Amino acid sequence: MLEIFGSHNMNLPSKNDFPEGSRFYIKEFDVPLVQILDGSLSKWFNWFGGKPKEYAPEGLKPGNNWEAESFSEWQKIVKESL
């Protein structure tokens, strides 16, 4: 998956850029996070600024993040971070 991210030339990701089953979250109202499940492994990425950066989910606490209602909502948060 990182190869896809690394070759991604556009700043705004599309849903097709992510494998099926990816989950999209918003942290503290303006941080777009994505959780990518790969078998039993879970990888997290922060898309603030339009480029993915690995993210350590230990910073997530009840109440400071929630699953986006839709990909469009999550994508809007990415766009606002550019």
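For the structure itself, consult the block above.
From a predicted model like this one, the values you see are computed outputs, not experimental measurements.

**Side note on the overall build of the protein chain**
Item 1. Along the backbone of the protein chain there are 2 helices and 5 strands.
Item 2. Helices and strands appear in the protein chain in the N-to-C order α-β-β-β-β-β-α.
Item 3. Relative to its full complement of 82 residues, the protein chain shows a buried share of 37%.
Item 4. Taking as baseline every contact in the protein chain between residues at least 6 positions apart, the subset at least 24 positions apart corresponds to 53%.
Item 5. As displayed, the protein chain offers around 5300 Å² of accessible surface, 52% of which is attributable to carbon and sulfur atoms.

**With respect to the packing of aromatic side chains**
Item 1. Applying the stated rule across the entire model yields 10 aromatic pairs.
Item 2. Relative to W47, the ring of F18 lies with its centre 5.7 Å away and its plane at 65 degrees, an arrangement referred to as edge-to-face. Taken as a pair, F18 in the loop between α1 (2–6) and β1 (23–27) and W47 in the loop between β3 (41–46) and β4 (53–54) lie far apart in primary sequence, 29 residues in all.
Item 3. Ring plane angle 90 degrees and centroid distance 5.6 Å describe the contact between F18 and W74, whose orientation is recorded as edge-to-face. You can see F18 sitting in the loop between α1 and β1 and its partner W74 sitting in helix α2 (residues 71–80), a full 56 residues away along the chain.
Item 4. Members of the aromatic cluster, joined through ring pairs, are F18, F24, W47, F71 and W74.

**Brief notes about the pairing of β3**
Item 1. Pairing between strand β2 (residues 31–38) and β3: 6 bridges, direction antiparallel. Note on β3: the bridge partner recorded for Q35 is W44.
Item 2. Counting the residues in the hairpin turn of β3 and β4 gives 6 residues, including G49, whose phi is positive at 90 degrees.

**Digging into unusual backbone geometry**
Item 1. Not every positive phi belongs to a glycine, and E28 is a case in point at roughly 50 degrees.
Item 2. Relative to the elements of secondary structure, E28 occurs in the loop between β1 and β2.
Item 3. Even without being glycine, F29 reaches a positive phi, approximately 75 degrees.
Item 4. Mapped onto the fold, F29 is located in the loop between β1 and β2.

Parameters at a glance
Residues numbered from 1 in each chain as written. Predicted model: local features only at pLDDT ≥ 70, side-chain atom pairs only at ≥ 80, totals over all residues. Heavy atoms only, no water. Helix = DSSP H or I, 4+ residues; strand = E, 2+ residues; numbered from the N terminus. Buried < 20%, exposed > 50% of the residue type's maximum accessible area, 1.4 Å probe, protein only. Contact = heavy atoms within 4.5 Å. Areas by Shrake-Rupley, 256 points an atom, 1.4 Å probe, with all protein chains shown as cover. Phe/Tyr/Trp six-rings, centres within 6.5 Å; stacked < 30°, edge-to-face > 60°. Pairing = 2+ DSSP bridges.

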